[in-house]
Amino acid sequence: MARTVRGVEFVVVEEIHDLGLGRVVHVGHREVWFDCPDPGPALLGLRCVDDLFLLAATAEGLGRGRDLRPLAKAAAAVDVPALLALRRHVAGVSQVDTVDVSASFLGRRAFTRYDLEDAVGEPLAAATGLSYRSRRVGVPPPGLSWRVTVADDRAVLALRLARRPLHRRAYRRVTRPGSLHPPLAAAMLRLAGPLEGRRLLDPCCGVGTIPLEAGAAPDALVATDHDPAAVAAARANGLSSAGLADAGRLPVGSGAVDVVVSNPPWNRQVPAGGLLARRPDRFWRELRRVLRPGGRAVLLLPADLRPGLPVLARHPVSLSGRHPEVLVMTRD
């Protein structure tokens, strides 16, 4: 089971298919289920997913009341040794000393997330002989990490495949307010189409997430930001080619860029700076200038912002309580 940013589930389906990882059997709210006939380390190469889990059990008929006995019974029946053996085979993760559980649910319920977590944490700890600490008393130390999700009247229990969530990238040494979520950056790059042999521009690169997810060679990549602190952070994260430039006056030739993928500021989480603070329309003028005819731009924008290029597709997403859109646009 892949957990995703809300709104990019379809991109994760495409990624699973393109990597030949298996057959998708269910797509739900922030979830993509798929059968993998030959599970191996390649599963950990999924870039557009927040996290990846092994499905352990489902409990039907949960309802909205406080009776969580069906969920506890399903947890007690899980074949934990088989799941741990598969986890070791795929991710090389050995058993740990504790059990931790994180839960979420959709809609109004008579129970809390802590009730869900305790309902499965205690029987799972008993089955493994490990200790369990409820999140009611604080965030537990990392251990054998389980996830419970409830939608409608069904609860799903799953075991995290890797030692830590896949969205925690090794390159992310430095972060700043407004830094783009790495799996969303990866999804935006997929929406931009094949990048091989094409020149990519991120004029508001921040800590470098989009260029680092692209993995493009320096001669095929232009990554700039007007804020010296952001450029320093991008370089600290491994983007040595990050440069200082104003998105309202880009040091790029006209028609020299094939693809633009970016998370512009727009005075929401991060205030616009430089020329864009006074003339935000210059952003669109510069994009139109530097993109070749037929070039593509994929931007994360507030839903109420009027785009300055023809729109090919809109993909509303939910992220940290906000609801922006990923817009796919073209230079006519």
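As a reminder, the structure under discussion sits directly above these lines.
If you're wondering where the values come from, they're calculated on a predicted model, not measured in any experiment. Every chain begins its residue count from 1, and numbering advances along the sequence as written. Local features in this predicted model are restricted to residues whose pLDDT is 70 or higher, and side-chain atom pairs enter the listing and the counts only when it is 80 or higher, whereas totals over whole chains, interfaces and linings include all residues. To get the side-chain values, take all heavy atoms of the structure and skip hydrogens and water.

**Q** Sorry, what's going on with helix 2 (residues 69-76) here?
**A** Quick reminder: α-helices carry 3.6 residues per turn. Residues three or four places apart thus point the same way. Exposure classes here rest on a 1.4 Å probe applied to the protein chains alone. A residue is buried below 20% of its type maximum, exposed above 50%, and partly exposed in between. Every helix listed is a DSSP run of H or I at least four residues long, and every strand listed is a run of E at least two residues long, numbered separately from the N terminus. If you check which residues of helix 2 are buried, you get L71, A74 and A75. Along the long axis of helix 2, the arc covered by the buried residues comes to 100°, so they all point the same way. Of the residues in helix 2, the exposed ones pointing more than 90 degrees away from the buried face are R69, K73 and A76. Structurally, helix 2 contributes buried residues whose contacts are with strand 4 (51-59), helix 4 (113-128), strand 7 (144-151) and strand 8 (154-160). What the arc covers is the set of directions going from the helix axis to the C-beta atoms. Contact between two residues is taken to exist if any of their heavy atoms lie within 4.5 Å; hydrogens are not considered.

**Q** I'm lost on the packing of helix 1 (residues 9-18) against helix 5 (residues 182-191) in this one. Help?
**A** A pair of packed helices can be characterised by two numbers: the angle between their axes and the separation between those axes. For helices, the fitted line uses only the C-alpha atoms of the stretch in contact; every axis is such a line through C-alpha atoms, and the angle between N-to-C directions lies from 0 to 180 degrees. Direction vectors running N to C along helix 1 and helix 5 enclose 75°, while the axes themselves pass 10 Å from each other. Looking at the two axes, helix 1 sits roughly perpendicular to helix 5. Where helix 1 abuts helix 5, its residues F10, V11, E14, E15 and D18 lie against A187, R190 and L191. Looking at side-chain class alone, the contact of helix 1 with helix 5 contains four nonpolar, no polar and four charged residues. Throughout this description, any angle smaller than 35 degrees is read as roughly parallel, any larger than 145 degrees as roughly antiparallel, any in the 65 to 115 degree range as roughly perpendicular, and the remainder as oblique. Residues are grouped as follows: nonpolar covers Ala, Val, Leu, Ile, Met, Phe, Trp, Tyr, Cys and Pro; charged covers Asp, Glu, Lys and Arg; every other residue, Gly included, is treated as polar.

**Q** Explanation requested: the side chain of S145 in the structure shown.
**A** Checked against the element boundaries, S145 lands in strand 7. Accessibility expressed as a relative area gives 5% for S145, which makes it buried. One polar contact links S145 to D100, side chain to side chain, over a distance of 2.9 Å. If near-sequence neighbours (up to four positions away) are discounted, S145 is found in contact with D100, A158, L159 and R160. In protein, a polar contact means a hydrogen-donor-capable atom and an acceptor-capable atom, both N or O and within 3.5 Å, with residues adjacent in sequence counting only if both atoms are side-chain atoms; elsewhere, any N or O pair within 3.5 Å suffices.

**Q** Sorry, what's going on with the sheet that holds strand 11 (residues 243-244) here?
**A** Sheet strands pair by backbone hydrogen bonding; their relative direction is either parallel or antiparallel. A strand pair is defined by DSSP finding two or more bridges across the two strands. Sheet architecture is open: seven strands sit in the order 11-10-9-12-13-15-14, paired in mixed fashion. The sheet is open, and its two borders are formed by strand 11 and strand 14 (311-316), each paired with just one other strand. Where strand 14 meets strand 15 (residues 325-330), five bridges bridge the pair, whose relative direction is antiparallel. Each bridged residue has a counterpart across the sheet, and for H315 the counterpart in strand 15 is V326. Across the sheet, helix 5 touches strand 9 (200-202), strand 12 (257-262), strand 13 (291-301), strand 14 and strand 15, and the angle it forms with strand 13 is around 155°.

**Q** What is the right way to read the pattern of salt bridges from this model?
**A** Two side chains that carry opposite charge are able to pair once their charged atoms sit near each other. Whenever a carboxyl oxygen of Asp or Glu lies within 4 Å of a side-chain nitrogen of Lys or Arg, that contact is scored as a salt bridge. A full pass over the atoms with the stated rule returns 20 salt bridges. With its nearest N and O atoms 2.8 Å apart, the salt bridge here joins E213 to R169. Highlighted residues: E213 in helix 6 (residues 209-214) and R169 in the loop between strand 8 and helix 5, separated in sequence by 44 residues.

**Q** What am I meant to see in the nonpolar core here?
**A** Most often, soluble globular proteins have nonpolar side chains that are buried together. In terms of nonpolar packing, the biggest core is built from 75 residues, with L71, W146, L157, M188 and V261 touching the most fellow members. By residue number, the principal contributor to this core is helix 5, which donates seven residues. Each of domain 1 (2-160) and domain 2 (182-331) accounts for three or more of the residues forming this core. In plain words, nonpolar cores are sets of buried Ala, Val, Leu, Ile, Met, Phe, Trp, Tyr and Cys residues tied together by side-chain atoms within 4.5 Å. Counting 22 residues, the second-largest nonpolar core is a separate cluster that includes L250, V257, V260 and L276. An automatic or database domain assignment supplies the start and end points of every domain.

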